[in-house]
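Structural overview for review
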Amino acid sequence: EVQLVESGGSLVQPGGSLKLSCVASGFTFSNYWMDWVRQTPGKSLEWIGEINTDGSKTNYAPSIKDRFTISRDNAKSTLYLQMSNVKSDDTAIYYCTINWAYWGQGVMVTVSS
Amino acid sequence: DVVMTQTPVSLSVAIGQPASISCKSSQSLVGTSGKTYLNWLLQRPGQSPKRLIYLVSKLDSGIPDRFSGSGSETDFTLKISRVEADDLGVYYCLQGTHFPDTFGAGTKLELK
């Protein structure tokens, strides 16, 4: 059974940093591109970015503007999202997903002073 | 970015009745490969989204054939032939043809 489990969400102050993790199981993690998506309170979904199978290529939504970095550790079957210089608009539930077919349970990030 | 416009915003349907959701894109979703990367997702209350349909009309594994997707170019439709209680939630269309992937704002399906 495919499982994606995110962790690392918390309350963070504006301008701060946070690193989210997504541990995968039930499939060969190193064979798949992975994506991060977020859902702001009461609003729709926003694609954040993606990473290729070996971690050598990443693509990001223009709105992220170099503040976020996606990486992966295939030996640990883990995907990461490093968030820097966070803003109140980054308050959201963050999901990792494989091809939109499988999603984690999501992790809440709240940016507030 | 490609804008995905869903209608209606909300839909109230009785159990056993059909439902239909429209999704229109601001530009054609036919890719250079000839494929159309249009997906439909369902987010049940308190849950993560779940993909129902990909490539316009292909049902994901385990999705009942009460669900169907159709459309081309810029106009797409999700239909439920007979709504069941388990179908309640917010439906999203999602395009993956043009960078970046973009979602519709969602259609909330409620029971009448």
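Attention in this report is confined to the structure presented alongside it.

A look at the overall build of chain A
The number of helices and strands found in chain A is zero helices and 11 strands. Expected size for 113 residues packed as a compact globule is a radius of gyration near 13 Å; at 13 Å, chain A falls within 12% of this value. Viewed in the frame of its principal axes, chain A has a C-alpha envelope of about 40 × 25 × 25 Å. Put simply, chain A has 113 residues, and 48% of those count as buried. Sequence-distant contacts, at least 24 apart, represent 51% of the contacts inside chain A between residues at least 6 apart. Split by element, the accessible area of chain A, about 5300 Å² in all, is 45% carbon and sulfur. Where the 9 positive side-chain charges of chain A centre and where its 10 negative ones centre are 6 Å apart.

What about the interface of chain B and chain A?
Tallying the contact residues gives 16 residues for chain B and 18 residues for chain A. Between chain B and chain A the total buried area reaches about 1200 Å² when both faces are included, carbon and sulfur atoms providing 63% of it. Between chain B and chain A we count zero salt bridges in total. If you look at where chain B meets chain A, you find six residue pairs in polar contact (both at pLDDT 80 or more). When residues of the side of chain B that touches chain A are traced back to their parent elements, those giving at least two are strand E4 (38-43), strand E5 (49-54) and strand E9 (89-95) of chain B.

Conventions used here
Counting restarts for each chain, with residues numbered from 1 along the sequence as it is written. The naming scheme follows written order: chains are lettered A onward, ligands numbered 1 onward. Per-residue local features are limited, in this predicted model, to residues with pLDDT of at least 70; the limit for side-chain atom pairs, both in listing and counting, is 80 or more; totals at the level of whole chains, interfaces and linings are taken over all residues. The side-chain quantities take in all heavy atoms of the structure and omit both hydrogens and water. The way it works is that DSSP assigns letters per residue, a run of H or I at least four long becomes a helix, a run of E at least two long becomes a strand, and they are numbered from the N terminus. Atoms counted for the radius of gyration: C-alpha only. Globule rule: 2.2 Å times residue count to the power 0.38. In this scheme, a residue with accessible area under 20% of its type's maximum is buried, one over 50% is exposed, and one in between is partly exposed, where area comes from a 1.4 Å probe on protein chains only. Note on contacts: a residue pair is in contact if any heavy atoms of the two residues lie within 4.5 Å. Accessibility throughout is a Shrake-Rupley quantity obtained with a 1.4 Å probe, and a residue counts as covered only by protein chains that appear here. Under this rule, positive means Lys or Arg and negative means Asp or Glu; His and the chain ends count for nothing. A single reference atom marks each charge: NZ on Lys, CZ on Arg, CG on Asp, CD on Glu. By buried area we mean how much accessible surface two parts lose on assembly, using a 1.4 Å probe and totalling the loss over both. By definition, a salt bridge exists where a carboxyl oxygen of Asp or Glu is found within 4 Å of a side-chain nitrogen of Lys or Arg. Under the rule applied, a polar contact is a pair of N or O atoms within 3.5 Å (in protein, one hydrogen donor and one hydrogen acceptor; residues adjacent in sequence only if both atoms are side-chain atoms).

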